[in-house]
Amino acid sequence: MSHYFRVAIVPLYLFLCLIFGGASAAGYWANLFLQLVGLLLIFWALLVERNTPMGMPGRQLVAIMGLLFLVGILHVVPLPPSIWTKLGGREEIASAYALIGQPLPWLPISLAPDKAFSSLFWLIPAVAALLGTIELGAFKASWIAWVLAAVTILSVGIGAMQISGGEMSPLYFYDITNVGFAVGFFANANHQATLLLGTIPFVTALYLTDFSKGRSAQRSSGLLVILAGTLMVLAVGIFISRSLAGYGLVIPVLGGSFLMLQSRRRRVPRWATAALGAVALAAIYVPFSAPLGNNLTSDEAKTYQFSRYNSFTTSLEATQDFLPLGSGIGSFVQIYRRYEDPNVVEREWLNHVHSDYIELALETGVLGIAVLVVFLLWWFSRVVRIWRAERPDYFARAATIASGAILAHSAVDYPLRTAAISALFAVCCALMAEPRSRVRRDAAVTRNEARHLSAD
């Protein structure tokens, strides 16, 4: 029984994150619950010893996560005036102390240290999902995929009822939400689209895994029909979400899933991955270049105070001022107000840049950018190895597609700020680092081809 609980803990926690972790600016009690449960999972993962040693990709991924936390901790450590006054964007603070005749105190890098601590707590679900998968080492990728597929289909159904119920529908779970859109378990329709995109390759992996077991032709045909029907439901969900990024990314996600089907028994040729990358770039470019009402590249975007165009340009201006170490984790809201035009300020306010990369650069400076570059190098190297492997690992390939869609969407939104998407992304990275089917099969061959599967 303990073995089955150990195997089920990550899928169960992912289920909770997908159900309760759909908002970043709302749902505090739900997110607090996920953080408390996540802390228990983290402690358990760190205390339980693996039965087999962790592979190098897993150790590298844990090290990168450690670097991210180190950057966060450095931002709340008080520094002497001789250091913090030389950092970008601190001139006004030093002048204020001089104006009131007070000596300069020791201050941390972060201009909002209380927000920095709370931001670190918001990382708990992702860390718990990652360590629960890698450190425990006992999981079934198929269980993770089934949980993801079941919750996603349910979320599409809820989204459809939200639209049919109108703006007063009781099925909107958050006070701050996209009323009139199909948001499902989320507060933001774009994040609902991100979940749907991430589910498509995992549904494909479920079909390929069952197909590879040599089932009967009748069973395989039935599974193919189920796969096609599920993909249709997900496609409808993306359509009714009305997310431009979802519209653009669905093409490369479907292309990657189709490539999984076509290359199920052989190595993927290099030209295929290059072609898929070109299609992905084109698919992402079209929604933000065509006159589809986007608020980043359209002419109207420059005149709308809360458009992505103004958010990006203003935040990039602030980023330059706060180099090299940034303004501090969680300080965006406080800093952005200093750069807004006072003649157009309203009661509404931006809670995020709507680009995780720009917000990371603003708040963490060169240190955060360096950690991001290291992670992206790790991610690209794992993508190449997974897709060029002699024997395909379907769930690892699905994880590369899903995580790639999340990374792409993060350029124009903040899906990783929600516990749901951050946990999904962490699980994807863990599957890329620790593909269980490969580990177990290779281990069996090494042990004189004994047909034994370890509990790890």
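Everything that follows concerns the structure shown earlier in this document.
These numbers were taken from a predicted model, which means no experiment stands behind them. (Residues numbered from 1 in each chain as written. Predicted model: local features only at pLDDT ≥ 70, side-chain atom pairs only at ≥ 80, totals over all residues. Heavy atoms only, no water.)

**Student:** Mind showing me how you'd approach the side chain of T230 here?
**Tutor:** As for its position among the elements, T230 is in helix α10 (residues 217-241). Take T230: its relative accessible area is 13%, and that puts it in the buried class. Those residues in contact with T230, other than ones at most four positions away along the chain, are I153 and V203. (Helix = DSSP H or I, 4+ residues; strand = E, 2+ residues; numbered from the N terminus. Buried < 20%, exposed > 50% of the residue type's maximum accessible area, 1.4 Å probe, protein only. Contact = heavy atoms within 4.5 Å.)

**Student:** I keep staring at unusual backbone geometry and nothing clicks. Help me out?
**Tutor:** Trans peptide bonds make up the majority, and among non-glycine residues the majority have a negative phi. In this structure, the amide linkage connecting L323 to the following residue, P324, adopts the cis form with an omega of 10 degrees. When you line up the elements, P324 lands in the loop between α13 (308-321) and α14 (332-339). We note that R242 has phi near 55 degrees; this positive angle belongs to a residue other than glycine. Residue position: R242 is located in the loop between α10 and α11 (244-262). Phi at H354 is positive, roughly 75 degrees, even though this residue is not glycine. Accessibility expressed as a relative area gives 15% for H354, which makes it buried.

**Student:** Any chance you could explain the packing of helix α3 (residues 56-74) against helix α17 (residues 419-433) here in plain terms?
**Tutor:** The description of two packed helices rests on the angle between their axes and on the distance between the axes. Their axes nearest at 8 Å, the elements α3 and α17 cross at an angle of 145 degrees. Between α3 and α17, the residues in contact are P57, G58 and L61 and C429, A430 and A433, respectively. Residue composition of the contact of α3 with α17, grouped by class: 5 nonpolar, 1 polar and no charged. (Axes fitted to C-alpha atoms, helices over the stretch in contact; angles between N-to-C directions. Nonpolar A, V, L, I, M, F, W, Y, C, P; charged D, E, K, R; others polar.)

**Student:** Can you help me understand the nonpolar core in this one?
**Tutor:** Note that soluble globular proteins tend to have their nonpolar side chains buried in a common cluster. Of all hydrophobic cores here, the largest spans 89 residues; its most connected members are L61, I134, F202, M260, F375 and W378. When sequence neighbours within four positions are dropped, the list of residues in contact with M260 reads P201, T204, A205, L208, W387, Y394, R397, A398 and I401. One finds L111, F312, A318 and L350 within the second-largest nonpolar core, a separate group that totals 12 residues. (Core = buried A, V, L, I, M, F, W, Y, C linked by side-chain atoms within 4.5 Å.)

**Student:** Before we go on, may I ask you to explain the pattern of salt bridges in this structure?
**Tutor:** Note on pairing: side chains with opposite charge can pair once their charged atoms come close. Following the criterion strictly, the structure yields 4 salt bridges and no others. Between E92 and R338 there is a salt bridge, and its shortest N-O distance comes to 3.2 Å. On the criterion of sequence distance, the pair formed by E92 in helix α5 (residues 91-99) and R338 in helix α14 is long-range, its members being 246 residues apart. By relative accessible area, which is 38% here, R338 ends up partly exposed. Two residues, R417 and E359, come together in a salt bridge whose shortest N-O distance is 3.6 Å. Of this pair, R417 sits in the loop between α16 (394-409) and α17 while E359 is found in helix α15 (residues 356-388), placing the two residues 58 residues apart along the sequence. Overlapping salt bridges bring together D356, E359 and R417 as one network. (Salt bridge = Lys/Arg side-chain N within 4 Å of Asp/Glu carboxyl O.)

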